[in-house]
Each structure stands twice: as structure tokens, then as C-alpha cells.
Amino acid sequence: MLGLKLPTDPRWVNIVEKNIDEILTDHAYCEQKAASTAISLIVSFPEFTDLTKEMIALSREEMGHFKMVHDRILARGKSLGRHRKDDYAIALLKFFPKGGSRTTQLVHRLLYAALIEARSCERFRLLSEQLEDKELADFYHKLMISEAGHYTMFLAFARQYGDREEVDKKWQALLDYEAAIMKELGKKETVHG
């Protein structure tokens, strides 16, 4: 369903299991960045009314997810750690050239967002199926479902605002590029890296 060209190595869960506090901190910041992305799309493209309405709802939902992860961190007797750079996002955002029409810029941003949500969904599925902590596994199962909905929403908007054939070609090319990035990642206790 997700279309990812390279699945996550299942051994990634072993890394996560040994570093739950680290993954929770990274995950919290991923949720915060997702909310920021939704707000940024509203600020940058307010004339796309359907998108704006969905991004208002999404920003609230993502901040709700941030709170849920933050609450789990606090329940573990920890505090939110410092933000770290996201090697995955940094590498991914180099794919599309800068510039182009406003619509082209919007489509590119929507495709990036769709892919990040798809990879999150895939990673959360692994966590939901393999974590020994059943409460945390259930938490990730619920988030997996949410991420799948976000992925399909962003991809649908890209196809709505851009030429469908061109958007689908860009999507496949981005998926290929992301697969190459993932060959180098998956060895750290981060949601994407």
C-alpha cells in the first residue's frame, strides 16, 4: 500500500528496543515538525482552501501526537531531550530542484510530506508488531493508522493540484531516491534514520 521501494530492516526494532528514551525523543520532534509542516503549508499556500482546511486539522492532530509522546517520556521519569538533526529529511529534501511555479513548489512539498508519512507508517507498523512493551506497541499501532491516512491525504492533494501523470512520475522517482537513502540509514534509534 505504501509503495516504499526498500523496506526497513527488521533489526532496526532491536536498536530501538535498546534505546526507547532516544526514539521517543526523536519521535516527539517528528510530530512537532509534522505540525510545523502543516502550518507552513497554510502560510505558504493560503489560496488552496481545501488544503488549508485539512492542514488546520492536521496541525492540531500532530500537536496532539506530540503531547502523547511527551506524556510517555514524562511517565518514564525522563524529560524531552534536545532536538537533533534529521539526516533522513535533510537528504530527502535535496531531491527536487528549488524554484519553479508555486504549484510545482506545492506539489514537491506535498510529495515530500507524503513520503515522510509513509516511512513513518512503515516504521510504526514494525514497532507495533515487534516491541516487547505491549502498551508501547499498541500506541504505535494507533499512530500507524493515523500516519497512513496522512500519507494518502498528501499524495491525493499532490495529484489534485498537479498534473496526475507528471505527479505520479515524480512520486516514483522520489520513491527510488528514498530507497537509496534508506540503504545508508536504519542503524540509529531515530524514527527515520
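The structure under discussion appears in the preceding block.
Residues numbered from 1 in each chain as written. Predicted model: local features only at pLDDT ≥ 70, side-chain atom pairs only at ≥ 80, totals over all residues. Heavy atoms only, no water.

A. Broad picture of the nonpolar core. In terms of nonpolar packing, the biggest core is built from 59 residues, with Leu110, Leu111, Leu131, Tyr140, Phe154 and Trp171 touching the most fellow members. Those elements that place two or more of their residues in this core are helix 1 (12–18), helix 2 (20–44), helix 3 (49–75), helix 4 (87–92), helix 5 (102–130), helix 6 (134–161) and helix 7 (164–182). With 14 residues, the top contributor of residues to this core is helix 6. Non-local contacts of phenylalanine 154, meaning those with residues more than four positions away in its chain, are made with Leu41, Met55, Leu58, Leu110, Ala113, Ala114 and Glu117. (Core = buried A, V, L, I, M, F, W, Y, C linked by side-chain atoms within 4.5 Å. Buried < 20%, exposed > 50% of the residue type's maximum accessible area, 1.4 Å probe, protein only. Helix = DSSP H or I, 4+ residues; strand = E, 2+ residues; numbered from the N terminus. Contact = heavy atoms within 4.5 Å.)

B. Local environment of the packing of aromatic side chains. Tallied over the full model, the rule gives nine aromatic pairs. Their ring planes at 70° and their centres at 4.9 Å tell us that phenylalanine 95 and phenylalanine 96 sit as a pair that is edge-to-face. Of the aromatic side chains, those joined through ring pairs into one cluster are Phe45, Phe48, Phe157 and Tyr161. The positively charged end of arginine 72 is found above the aromatic ring belonging to phenylalanine 139, 3.8 Å away from the centroid. The ring centre of tryptophan 12 lies 4.3 Å from the NZ or CZ of arginine 123, which sits over that ring. (Phe/Tyr/Trp six-rings, centres within 6.5 Å; stacked < 30°, edge-to-face > 60°. Lys NZ or Arg CZ within 6 Å of the ring centre and 35° of its normal.)

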